[in-house]
Amino acid sequence: MSVWFAYTTSEAFPAIERAVLTSDPGASVRRVTEPTTLRELVRLAPAGGVNAIVGPDDDVISAINLAAAIVADGCAARVVLVCNEVSGSVRSRAARAGIDRVMDEIDLVEAACAQPDADVEGVSMAYVGTGHPGPVNVPVVPTGSTGVHEPVAQAAVASGAVERKEGSGAIVAFAHGRGGTGTSTLVSVAASIAAGWGMRVAVLDMDLCAGNLASMLGVGNPPDLAALVSKPPLTPESVMSCAATVSNGVRLFGPCARPEFAETISPLVEPLLMTLANEHDLVLVDTPTTCTDGVAQVFQACDRLLVVSDERPGAAASATRLTGLAQRLGVARAQVMRVSNRCDLRERESPIVLGQGADAARAFRVADGYEDVEDMIAAGEAAALAELRCDFVDTCSSMLAKTLVELGRLPQGEEAHAAAEYTEPRTRLGLFARIREAS
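Scoring rules and cut-offs
Residues numbered from 1 in each chain as written. Predicted model: local features only at pLDDT ≥ 70, side-chain atom pairs only at ≥ 80, totals over all residues. Heavy atoms only, no water. Helix = DSSP H or I, 4+ residues; strand = E, 2+ residues; numbered from the N terminus. Expected span 1.5 Å × (residues − 1). Buried < 20%, exposed > 50% of the residue type's maximum accessible area, 1.4 Å probe, protein only. Patch = residues over 30% accessible without salt bridge, like charges linked within 9 Å, V, L, I, M, F, W, Y side chains within 5 Å. Areas by Shrake-Rupley, 256 points an atom, 1.4 Å probe, with all protein chains shown as cover. Salt bridge = Lys/Arg side-chain N within 4 Å of Asp/Glu carboxyl O. Lys, Arg positive; Asp, Glu negative; His and termini not counted. Charge placed at Lys NZ, Arg CZ, Asp CG, Glu CD. Core = buried A, V, L, I, M, F, W, Y, C linked by side-chain atoms within 4.5 Å. Contact = heavy atoms within 4.5 Å. Pairing = 2+ DSSP bridges. Axes fitted to C-alpha atoms, helices over the stretch in contact; angles between N-to-C directions. Right-handed = clockwise from strand over helix to strand, strands pointing away.

Caption draft 1: Region of the structure containing helix H15 (residues 391–407). Spanning 17 residues, H15 covers 24 Å between terminal C-alpha atoms, matching the ideal 24 Å at 1.5 Å per step. Within H15, 13 of the 17 residues are buried, which leaves it mostly tucked inside the rest of the structure. Backbone geometry just downstream of H15 places Gly408 in the positive-phi region, at approximately 70 degrees.

Caption draft 2: The arrangement of unusual backbone geometry in detail. Omega for the bond connecting Gly55 with Pro56 falls within 30 degrees of zero, at 5 degrees, which places this linkage in the cis form. Structurally, the position occupied by Pro56 is in the loop between strand E3 (50–54) and helix H3 (60–73). Looking along the chain, the bond that leaves Gly254 and enters Pro255 is cis, with omega of 0 degrees. Its place among the elements puts Pro255 in the loop between strand E9 (251–253) and helix H10 (269–279). At Tyr370, a residue that is not glycine, the phi angle is positive and equals roughly 55 degrees. Locating Tyr370 in the fold gives a position in helix H13 (residues 370–378).

Caption draft 3: How the structure looks around a negative patch on the surface. Where like charges cluster on the molecular surface, the negative patch consists of Glu371, Asp372, Glu374 and Asp375. You can see Glu371 is positioned in helix H13.

Caption draft 4: Region of interest: the nonpolar core. Ranked by internal contacts, the top residues of the largest apolar core, which has 50 residues, are Phe174, Trp197, Val201, Leu282 and Leu284. Phe174 has contacts with Thr183, Leu186, Val187, Leu284, Val285, Asp286, Thr287, Leu306, Val308 and Met399, leaving out every residue within four places of it along the chain. Grouped together as the second largest cluster of nonpolar side chains are 42 residues, Ala173, Ala277, Ala301 and Leu305 included.

Caption draft 5: Here's a closer look at the sheet that holds strand E1 (residues 3–7). The five strands are arranged E2-E1-E3-E4-E5 in an open sheet whose pairing can be described as parallel. One side of each edge strand has no neighbouring strand; the edge strands of this open sheet are strand E2 (28–32) and strand E5 (101–104). Strand-to-strand twist of the sheet, defined as the mean angle between neighbouring strand axes without regard to direction, takes the value 25 degrees. Looking at chain direction, E3 and strand E4 (residues 76–83) are connected through four bridges and run parallel. Across the sheet, the residue bridging to Ile53 is Val80, located in E4. Packing of helix H1 (residues 13–23) onto the sheet brings it into contact with E1, E2 and E3, and relative to E2 it is tilted by some 155 degrees.

Caption draft 6: Up close: the pairing of E4. Summarising burial for E4: eight of the eight residues are buried, a large majority. Where the polypeptide runs from E3 across H3 and back to E4, its parallel neighbour, the crossover connection is right-handed. The sheet contact formed by E4 and E5 spans four bridges and is parallel. Across the sheet, the residue bridging to Leu81 is Val102, located in E5.

Caption draft 7: Fine view of the sheet that holds strand E6 (residues 170–176). Spatial strand order, E8-E9-E7-E10-E6-E11-E12-E13: eight strands in an open sheet with mixed pairing. The open sheet is flanked by strand E8 (243–245) and strand E13 (362–367), the only strands paired with a single partner. Between one strand axis and the next, the sheet turns through 25 degrees on average, direction left out of account. In the packing of H15 onto the sheet, the strands contacted are E6, strand E10 (282–286), strand E11 (304–309), strand E12 (336–343) and E13, and the crossing angle to E13 comes to about 155 degrees.

Caption draft 8: Summary view of the pairing of E10. Of all the five residues making up E10, five are buried; the element is thus mostly covered by neighbouring parts of the structure. With burial as the criterion, each face of E10 is covered, one bearing Leu282, Leu284 and Asp286 and the other bearing Val283 and Val285. With five bridges joining them, E6 and E10 adopt parallel strand pairing. Bridge pairing links Phe174 to Asp286 in E10. In this sheet, E10 lies alongside strand E7 (residues 201–205) in parallel orientation, the contact comprising five bridges. By the bridge assignment, Val201 is partnered in E10 with Leu282.

So this is what it looks like as structure tokens:
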């Protein structure tokens with residue numbers, strides 16, 4: 001069976017699918033909605049195991065560049081570029097890039113109207129280019145100790161597109177431009193706070209290689225998230241089988257048991273997030289410092305992106321780079337919030353600049369919990385920490401509540417509404433008071 005992935009518009013996809021099936025009736029054709037997803041699907045599949053179609057796209061140059069990048073990766077059996085109007089310069093650029101074929105959208109319409117056995121001149125998709133005598137079957141990925149038997153590309157096809165239901169839970173992602181900002185601590189405590197408010201909470205640890213949310217939440221041996229690849233199609237039941245339930249009802253997903261299988265999750269990130277949102281009131285995602293294709297999908301799917309930083313030198317520059325990247329991935333400025341962690345509330349606020357236009361972003365300050373917070377997190381007692389009354393928990397609760405208010409997801413309850421109305425103490429210690437305190 002030939003496998004084709006097409007990055008195209010929803011309007012053009014039926015014609016593309018029909019064109020492929022006209023020449024190769026047994027083919028599997030799947031539309032993907034993000035260029036990074038298409039490239040990752042092709043790259044993770046065995047070399048020569050899948051085919052790629054790019055376009056039509058309003059931005060012809062971007063379409064050519066994407067098709068050329070897939071060719072350069074060297075993993076696709078065939079790469080086809082579809083344009084609204086094929087000019088001589090487009091054909092010339094495509095030829096130099098090594099793209100197998102350039103097609104006009106009009107040809108697709110003719111192919112879509114043809115009978116399955118008809119020979120439509122110039123639109124044979126299954127035998128594009130040279131050196132490919134026939135349809136290419138997708139070989140199976142060698143079986144590993146994690147039980148991954150199906151090829152990644154087939155698993156992604158089988159997972160299908162998961163539609164987000166009306167009234168589904170909010171997706172809030174936490175990101176940081178440098179390590180050591182305490183982002184995972186914020187996620188683990190925020191999840192426990194939300195669970196205390198009666199919310200059904202899912203936590204996704206996207207640091208699939210070395211995530212430590214499990215230890216913070218007191219989970220000794222979480223299920224392997226990579227097992228999803230061997231359980232197509234992706235369903236609520238298969239997803240929940242990979243969950244670790246924390247004592248307070250929080251469900252944890254991730255990381256992978258073996259780091260070498262982390263990349264196999266990338267094609268499943270978007271449907272996984274949609275499934276989690278459909279099954280929970282709140283989805284909190286902890287992302288690593290490195291922005292992988294999977295992390296990019298998180299940014300694009302989340303309802304709010306909280307960029308976490310601290311007061312260390314270089315924090316502003318890291319936050320600015322990360323925010324700029326998020327905006328280039330399509331995250332609207334209104335979706336970005338900034339969080340300054342480990343703050344001394346007695347000091348005057350010094351908001352971190354997150355790049356051009358970021359002054360419109362909401363800003364939160366979370367108090368420094370010092371050694372007490374670090375000790376409890378290290379002991380896996382995030383849930384117990386969330387029940388304490390201290391500046392750290394109060395400010396963390398306020399950050400979460402005000403984010404949920406913006407999304408219209410704040411639950412009913414006295415504690416949640418009190419957190420939404422929390423304001424920082426305005427009392428500032430003078431110089432001599434600080435000296436007396438220090439002594």
